[in-house]
Each structure stands twice: as C-alpha cells, then as structure tokens.
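Working through the structure, step by step
Here are the chains, one letter per residue:
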Amino acid sequence: MDGGTILLLIFLFTLILFIIQRTESKRRRGVAIFMFLFVPIILWYVGLRQSWGTAVVALLVALILNFLFWLLIGRYNPVGSSDSIRVLGMDD
C-alpha cells in the first residue's frame, strides 16, 4: 500500500461521506447524487494505479471516521433546518 494514495483516498471518501452526513435532511438525496458523481473519478484513479485493496481499506477507514464523528459530535449537534435560520439585525 502506498501511503500517499491511501491518505488521498481516505480524505476523498471521508469528505464525500461527511458532506452527505451533515446535509439538511430535505436536501440530502440531491447532495448524495451530486457527491456520488465523483465516485467514478475516484474509481478511475484507483484502476489506473491498480490499488483496489488500498481503496477498500480507505473506504473502511473513512466509514469508521465518519461513524466516530457522528457518535462523538453529530448526535449532540444535529443538522439544522434552513427554515429555522434567523439573521440577526433583521426586523421581519
């Protein structure tokens, strides 16, 4: 396993999963479809480097990191709704 490749893949997979996890529930499906458009690019890169085992390990590590984030932070700080956003200083 190449150290640089595994770090890059962990970062990319974690970023995709994190963005989907922290998206407002009304918009989650659209964001997930948009984020999964990047998966073929990542798979092309993995196929180019012939590092499928590294990709599987990186995906597992990304899943574990996102689960730990949800367990330690995400459960206690849920994603807010865009309907509940108030702008300070507005007299509406």
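Residues numbered from 1 in each chain as written. Predicted model: local features only at pLDDT ≥ 70, side-chain atom pairs only at ≥ 80, totals over all residues. Heavy atoms only, no water.

**Quick word on the overall build of the protein**
Stated formally: The secondary structure listing takes helices from DSSP runs of H or I that are at least 4 residues long and strands from runs of E that are at least 2 residues long, numbered from the N terminus. Throughout, radius of gyration means the C-alpha value; the globule benchmark is 2.2 Å times the number of residues raised to the power 0.38. Exposure is judged per residue with a 1.4 Å probe applied to protein chains only, and the accessible area is read against the type maximum: over 50% gives exposed, under 20% gives buried, and values in between give partly exposed. The Shrake-Rupley method, run with a 1.4 Å probe sphere, supplies the accessible areas, and residue values consider only the shown protein chains as cover. Neither His nor the chain ends is counted toward charge; the positive residues are Lys and Arg and the negative residues Asp and Glu. The atoms used to mark charge sites are NZ of Lys, CZ of Arg, CG of Asp and CD of Glu.
Scanning the protein from terminus to terminus reveals four helices and zero strands. When its helices and strands are written in sequence order, the protein yields α-α-α-α. Relative to the compact-globule value of 12 Å for 92 residues, the protein shows a C-alpha radius of gyration of 17 Å, a clear excess of over 25%. Considered along the principal axes of its C-alpha atoms, the protein spans approximately 60 × 25 × 20 Å. Buried positions account for 24% of the 92 residues belonging to the protein. Total accessible area computed for the protein in this model is approximately 6,900 Å², and 71% of it derives from carbon and sulfur atoms. Within the protein, the 5 negative side-chain charges are centred at a point lying 10 Å from the centre of the 8 positive side-chain charges.

**Side note on the packing of aromatic side chains**
Worth spelling out the cut-off: Only centres within 6.5 Å qualify two rings of Phe, Tyr or Trp (six-membered ring in Trp) as a pair; their planes then separate them into stacked at under 30 degrees, edge-to-face at over 60, and tilted for everything else.
Scanning all chains against the criterion turns up three aromatic pairs. Pairing Phe18 with Phe69 gives two aromatic rings, centres 5.0 Å apart and planes at 80°, and the pair type is edge-to-face. A residue pair is termed long-range when its members are at least 10 positions apart, and Phe18 in helix α1 (residues 3-21) and Phe69 in helix α4 (residues 52-74) qualify at 51 residues. Since its relative accessible area comes to 33%, Phe18 is described here as partly exposed. Where Phe67 meets Trp70, the ring centres are 5.9 Å apart and the plane angle is 35°; that geometry is what we call tilted. In this pair, Phe67 and Trp70 both sit in helix α4, three residues apart, roughly one turn of the helix.

In short, the description is geometric, and any link to function would need to be established separately.
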